[in-house]
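# Structure at a glance
Chain residues, written in single-letter form:
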Amino acid sequence: MASRERRNLTLAVKDVWDGVRRIYIWPMLGWQDIKQRYRRSVIGPFWLTLSYGAMVAGMGPLYGRLLQQDIGSYLPYLATSFVIWILMSSIIIDACSAFIGAEGYIKQVKLPLTVHVLRLVWKNVLIFFHNFVIVLLVMFIYPPPLTWALLLIPAGVLMLALNGIWLGLLFGMLCARFRDVPQVVSSFVQIVFFLTPVMWRSEMLGRKQWLVELNPFYHFLEIVRAPLISGGGAMRSWLMVTLITIAGFLVTLLVFSRYRARVAYWV
Amino acid sequence: MARITADKIVVDFPIYEASARSFKSAVLQTATGGLLSVNSAHRVVVRAINGLTFDLKEGDRVGLVGHNGSGKSTLLRVLAGAYEPVSGSLQITGRIASMLDLWLGMNSDATGYENIFLRATIMGLRPKEIAPLVDDICEFAELGDYIYMPLRTYSSGMQMRLAFAVSTSVSADIILMDEWLSAGDASFNEKAQTRLQRMLGNAKILVVASHNEQMIRTTCNKLMRLLHGNMVEFVSLPTREAGHLS
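Residues numbered from 1 in each chain as written. Chains lettered and ligands numbered in written order. Predicted model: local features only at pLDDT ≥ 70, side-chain atom pairs only at ≥ 80, totals over all residues. Heavy atoms only, no water.

A few words now on the interface of chain A and chain B. Facing the 25 residues of chain A at the interface are 31 residues of chain B. At the boundary of chain A with chain B, total buried surface from both sides reaches about 2500 Å², with 53% on carbon and sulfur atoms. Taken as a group, Tyr24(A), Gln108(A) and Tyr265(A) account for 31% of the area that chain A buries against chain B, more than any other trio of residues on that side. Where chain A touches chain B, the interface holds three salt bridges. When the shortest N-O distance is used, the salt bridge between Glu114(B) and Arg39(A) registers 3.5 Å. One can count nine residue pairs in polar contact (both at pLDDT 80 or more) joining chain A with chain B. Elements that contribute at least two residues to the side of chain A that touches chain B include exactly helix 2 (26-37), helix 5 (103-108) and helix 11 (263-266) of chain A. By residue class, the composition of the side of chain A that touches chain B is twelve nonpolar, four polar and nine charged. (Contact = heavy atoms within 4.5 Å. Buried area = accessible area lost by both parts, 1.4 Å probe. Salt bridge = Lys/Arg side-chain N within 4 Å of Asp/Glu carboxyl O. Polar contact = N/O pair within 3.5 Å; in protein donor to acceptor, adjacent residues only side chain to side chain. Helix = DSSP H or I, 4+ residues; strand = E, 2+ residues; numbered from the N terminus. Nonpolar A, V, L, I, M, F, W, Y, C, P; charged D, E, K, R; others polar.)

All names here are of chain B. Along its sequence, chain B is carved into domain 1 (3-94 + 206-236) and domain 2 (99-203). For domain 1 versus domain 2, the distance between C-alpha centres works out to 28 Å. Listed by partner, the interface residues are 18 residues for domain 1 and twelve residues for domain 2. Overall, the association of domain 1 and domain 2 removes approximately 1300 Å² of surface from exposure, summing both partners, and the carbon and sulfur fraction of that is 65%. The largest share of the area that domain 1 buries against domain 2 comes from Arg61, Leu76 and Leu206, three residues that together contribute 33% of it. For the interface between domain 1 and domain 2, the tally reads zero salt bridges. Linking domain 1 to domain 2 there are nine residue pairs in polar contact (both at pLDDT 80 or more). Of all elements in the fold, only helix 1 (72-80), strand 5 (87-93), strand 8 (205-209) and helix 7 (213-219) reach the threshold of two or more residues within the side of domain 1 that touches domain 2. Among the residues forming the side of domain 1 that touches domain 2, the class breakdown is ten nonpolar, six polar and two charged. (Domains from an automatic or database assignment.)

Attention now moves to the pattern of salt bridges. In a structure, side chains of opposite charge can pair up when their charged atoms sit close to one another. Within this structure, the stated rule accounts for 23 salt bridges over all chains. For Asp33(A), the salt bridge identified is with Arg119(A), shortest N-O distance 2.8 Å. Taken together, the positions of Asp33(A) in helix 2 and Arg119(A) in helix 6 (residues 114-141) put the pair 86 residues apart, joining distant regions of the chain. Its relative accessible area of 25% is what places Asp33(A) among the partly exposed residues. Overall, Arg119(A) belongs to the buried group, its relative accessible area being 18%. In the salt-bridge network here, residues are joined through shared partners; they are Glu213(B), Arg217(B), Arg225(B) and Glu233(B). (Buried < 20%, exposed > 50% of the residue type's maximum accessible area, 1.4 Å probe, protein only.)

Quick look at unusual backbone geometry now. If a residue is not glycine, its phi is most likely negative; likewise, a peptide bond is most likely trans. Residue Ala234(A) is not a glycine yet carries a positive backbone phi of 50°. Within the element layout of this structure, Ala234(A) appears in the loop between helix 9 (216-229) and helix 10 (235-259). Of note, the phi angle at His228(B) is positive, near 50°, even though the residue is not glycine. Under the relative-accessibility criterion, His228(B) is labelled buried at 14%.

Right, let's talk about the confidence of the model for chain B for a bit. Residue and element names in this part refer to chain B. Here chain B averages 86 in pLDDT, while 88% of its residues score no lower than 70. For chain B, per-element mean pLDDT is lowest for strand 2 (residues 35-38), which scores 70, and highest for strand 8, which scores 95. Contacts for the low-pLDDT stretch residues 20-27, under 50 throughout, to residues beyond four places or in other chains number 13 contacts. This prediction of the complex comes with two scores: 0.90 for pTM and 0.85 for ipTM. (pLDDT = per-residue confidence, 0-100.)

Position of Gln190(A) among the secondary structure elements: in helix 8 (residues 181-195). The exposed category is assigned to Gln190(A), whose relative accessible area is 56%.

One face of the sheet, then the other: side chains in a regular strand alternate in exactly this way. Residues and elements named next belong to chain B. Buried residues dominate strand 8, accounting for five of its five residues. Side chains Ile205, Val207 and Ala209 project from strand 8 onto one buried face, and the interleaved Leu206 and Val208 project onto a second face that is buried too. Bridging between strand 4 (residues 61-65) and strand 8 involves four bridges; their strand directions are parallel. If you follow Leu64 over to strand 8, its bridge partner there is Ala209. Bridge count for strand 7 (residues 174-178) against strand 8 is five bridges, and the pairing is parallel. Across the sheet, residue Ile174 finds its bridge partner in strand 8, namely Ile205. (Pairing = 2+ DSSP bridges.)

Turning our eyes to something else, we now look at the pairing of strand 10 (residues 230-236) of chain B. All names here are of chain B. Of the pairings in the sheet, the one linking strand 9 (residues 222-227) to strand 10 comprises six bridges and is antiparallel in character. Residue Leu226 lies in a different strand from strand 10, and its bridge partner there is Met231. The hairpin turn running from strand 9 into strand 10, its antiparallel successor, is two residues long, and His228 in that turn takes a positive phi close to 50°.

Another point: the side chain of Ser89(A). Here Ser89(A) is to be found in helix 4 (residues 71-96). Of the polar contacts made by the side chain of Ser89(A), one reaches the backbone oxygen of Ile86(A); its length is 3.4 Å.

Structure below.
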């Protein structure tokens, strides 16, 4: 029995590794997913940039006023927060259909399952970069504090993408097996949006500020956002994110090694 | 080197929609299809493949026959590596080309050119392996400048020719086919068969499922008959020109 478990674990790790190595498949499929949405449109995926710009331009002044914030500091805050939130929430929501949506492939050919997850992560990272153009534009008008912490931003984005991998595998499996989970997840993501300091700032909680520290989404936001807003490196959040990443991959690897071969039967 | 060794492989499909209660302690055998039963977790399962054991070596051209639901397609998908058997062991050496769905990976909004890469990638090729094949594929599919047009602008014949051309441009040790492939009108089909034969000729093992037993007797050198997921016959066929259409 132990040898069988070891074999399953090896196969699970191999699936992830082989998936990552198929660098000629998942970027192509992820890019196709984006292109598909904008076929025959003149500016193509730059609609992403444009609509994000419109959203920030529309919501920034309004919510800045509602929350009694100075627009010069609130607009960069909102633009940065939202772009990260979109990345996180769409990865989570797409994760639910990672395998269900790839049914055709999974039932016909032998491809590492990780390929389907990387495809969705890559798609959302590409969308992130399109949206990020707006953040750069806002930063041009309201420059961020120039500190060394800015160098941590790419690492932060990479960390978000890495977490998308275990999340995609775990939620992809869960949702393929239990078809009610996608519904639960999408409601959950909506609620989390309001509970997480995306539109509002953690300082607004006053003495209850420590509460946001319990929210993992807050830490994921901070590792990319803090350098642009406060100029700090958000070391506590980095620590939390690192711990979550390790725990996430460990749990996923256990579940994945046990149920990897079942996915084809579930989708 | 190509070889497929299957030892008592079993494939059970869980049916999550059905309530296990209504099937409790009942074991039903349907007229066609796999055995319906209830597994240890009180779940309804369809046994699509029931303990198959066989050994395929280089030169084997195996024809799979049997009714609808006898397990032919499932067996092909197991050999393709999509379904891992629930129990038993399966060892495959050699590069596999799965021709079960010629359209897999193709996108009707993408251009013909893009689709060559999409399809061939799913067949297991790398971009640098695909690039040299493009000219040959375009020429064979007789697409001309249409190659830069979206696939949905093609006539169904052109779409079929492209899918066929890409799928048959891959060289592999083991080829899996569900029904003998054909493409387009009579004159094109002749050309298509020549191309298919060339691909099959280079392959070391062929497994083809078909309802057309006559076709299998003329093209294969082994015949495997499935019934409710069991192998009821596995015989060598008198070789005429094995692997070739007469």
